[in-house]
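# Working through the structure, step by step
Residue-level listing of the chains:
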Amino acid sequence: MIISQKKPDEEILSYLEGAKKVVLVGCGECATVCKTGGEEELENMKAFLASHGIEVVGSIYPQSACNKLLMKKELKALKDVLPECDAVVSLSCGDGTQTIASLIDKCVYPANNTMFLGEVERQGIFTEACRLCSDCVLAYTGGICPITKCAKSLINGPCGGSVDGKCEVNHDNPCAWIEIYNKLNKLGQLDKLEKMYEPKGYKDTAYPRVINLREEKHDE
Amino acid sequence: MSKLKQALDSGTFALTAEIAPPKGFDFTRQLYLANLLKDKVHAVNVTDFQSASLKASSLGLCIMLKQAGIEPVFQITGRDRSRMAIQGDMLSAAAFGIKNILALTGDHTTVGDCKDSKPVFDLDSVGILKAARMLESGQDCGGNALNGESPEFYLGACVTPEYDPVELQIIKMKKKAMAGAAFFQTQGLYDIESFKRFMDYASKIECKVLAGIIPLKSAGMAKFMNRSVPGIRVPDSLIERLKNSSEPVKEGILIAAEFISKIKEQGICDGAHIMAIGAEENVPLILEAAGL
Ligand code: SF4
Ligand code: SF4
């Protein structure tokens, strides 16, 4: 899931300087779980902007703001208010905000910071889990990601800095490599640690990337 | 040929000491210190943005030492440079006759003094060693052939003996040795018995080991290091000694000297690496007290 966090109120207000009427767009997926773009947050944003003299003239709550085809349809509901609004405030992640911006000729401002790809540990607690490195190594590391969970993204074992099983960079985090060691030990796969891993390659990560399933050839 | 390699290969108890480049471009003090160490140690390590804090670069001071007739150990971390920059620096080092390279992961940028700097970590320490090996075989990181002769290095790495679980450090140490590390410097050590236990594992790996020595200046420093420096464990008995001494700096020099002479006498490892952190003037005193 894409984990997002609400921007500071002043920052959002600074985008809207001079704006009188705005439209809000939420997102029914990740941003709802993160409490940054659900129905409640749309209501709160509406009240907050009203208290600063900005009227919300319309809002939509699409199932997912990052689905272009879906967004195209959803935006139709705004066809009467969009022309008269001064700006659109997106309560989704950076992806959703771009999707909306690509579909309309209005200023679209992000209400959220897009933080990381992570998991929902418990309600309201999110942990970074995958840095989308393209070449997943979880098979060798007991299902624990060294690229994300090790602060230095080390691939051949730990640095010397862990104390009491904690990471030297942030003592609140466990050292990923000690966790990997313990997990592989439990699985009887410590030999995987002995293997020498080549530095990760980056030639296939030049962005922005496109994956086109329609053109993908399949060997039958 | 590297003097350090010569010493280690011939079974001489090898000595290295470490200095840091300045935060500025006046290298006078560094050269003064290096000259002080010149005939006392086999090589002088130059740290690479130690503690993730900005200084003049390691390569610059290494070149200056080399030109002053002092053998440097060029420390390279993976924190600030991509594989291209690392290999480029290695080639420049080779051009100046610098042979010794010490590969390190490096502290994270967020613990240093330029916290917003991008943490690169394109290569880990194993990757840095391999990158050096690749150059030695006449190839760059893209598999392209180098022009002219291939460089020759003497490669080293670090290990933290006071680590739990120690097996994990040993696995990584083995990998570093396989990737090309011929010698290892350890994190600062204070407990001979514990070091011996570590060497029981480490001596099975084909490599030379230099015991890390960080001279203590006071009981407070020892306590601070126990609290905040990973891999450091100063025993209470030594903290007591420093506390009870009227000249703790001298006591610290003595403690370091005793440790060095013990490991030498008992043949526990192949040499010592002294990290005096700002008190490099004391290194000759330590060696003298150790009878070296
Ligand atoms: S190795 Fe880690 S960062 Fe890379 S794809 Fe797998 S989980 Fe994601
Ligand atoms: S302490 Fe562990 S998790 Fe933290 S940087 Fe070092 S190896 Fe990675």
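What counts and how
- Residues numbered from 1 in each chain as written.
- Chains lettered and ligands numbered in written order.
- Predicted model: local features only at pLDDT ≥ 70, side-chain atom pairs only at ≥ 80, totals over all residues.
- Heavy atoms only, no water.
- Near = heavy atom within 4 Å.
- Nonpolar A, V, L, I, M, F, W, Y, C, P; charged D, E, K, R; others polar.
- Helix = DSSP H or I, 4+ residues; strand = E, 2+ residues; numbered from the N terminus.
- Core = buried A, V, L, I, M, F, W, Y, C linked by side-chain atoms within 4.5 Å.
- Buried < 20%, exposed > 50% of the residue type's maximum accessible area, 1.4 Å probe, protein only.
- Contact = heavy atoms within 4.5 Å.
- Buried area = accessible area lost by both parts, 1.4 Å probe.
- Salt bridge = Lys/Arg side-chain N within 4 Å of Asp/Glu carboxyl O.
- Domains from an automatic or database assignment.

A few words now on the site of ligand 1. Lining the immediate surroundings of ligand 1 are A:C130, A:R131, A:L132, A:C133, A:C136, A:V137, A:L138, A:C145, A:I147 and A:T148. Taken together, the residues of the shell around ligand 1 sort by class into eight nonpolar, one polar and one charged.

Turning next to unusual backbone geometry. With the exception of glycine, most residues fall at negative phi, and the peptide bonds are largely trans. At the junction of A:Y207 and A:P208, the peptide bond is cis and its omega measures out at 5° in the coordinates. Along the chain, A:P208 turns up in the segment after α8 (191-194). That bond from B:D164 to B:P165 is cis: its omega, 0°, falls within 30 degrees of zero. Along the polypeptide, B:P165 turns up in the loop between β5 (154-159) and α6 (166-179). One non-glycine residue, A:S134, lies in positive phi territory at about 85°.

As a further point, take the nonpolar core. By size, the foremost hydrophobic cluster in this structure holds 72 residues, and its most contacted members are B:M90, B:M173, B:F195, B:F198 and B:I263. Here B:F198 is in contact with B:V159, B:P161, B:V166, B:I170 and B:M173, once residues within four sequence places are set aside. Membership of the second largest hydrophobic core comes to 17 residues, among which are A:V81, A:L82, A:C85 and A:I104.

The interface is formed by 27 residues belonging to chain A together with 27 residues belonging to chain B. Contact between chain A and chain B buries roughly 2,300 Å² in total, counting both sides, with carbon and sulfur atoms accounting for 60%. Of all residues in chain A, A:K152, A:Y181 and A:M196 bury the most surface against chain B, accounting for 25% of the area lost on that side. Taken together, the links from chain A to chain B amount to two salt bridges. Note that A:E194 and B:K174 form a salt bridge whose closest N and O atoms lie 3.8 Å from each other. Elements with a minimum of two residues in the side of chain A that touches chain B: α7 (176-187) and α8 of chain A. Ranked by residue count, the leading element in the side of chain A that touches chain B is α7(A), at three residues. Here the residues of the side of chain A that touches chain B sort into 16 nonpolar, five polar and six charged.

Now for the domain arrangement of chain A. The assigned domain composition of chain A is domain 1 (2-115) and domain 2 (133-220). The C-alpha centroid of domain 2 of chain A is placed 35 Å from the C-alpha centroid of domain 1 of chain A.

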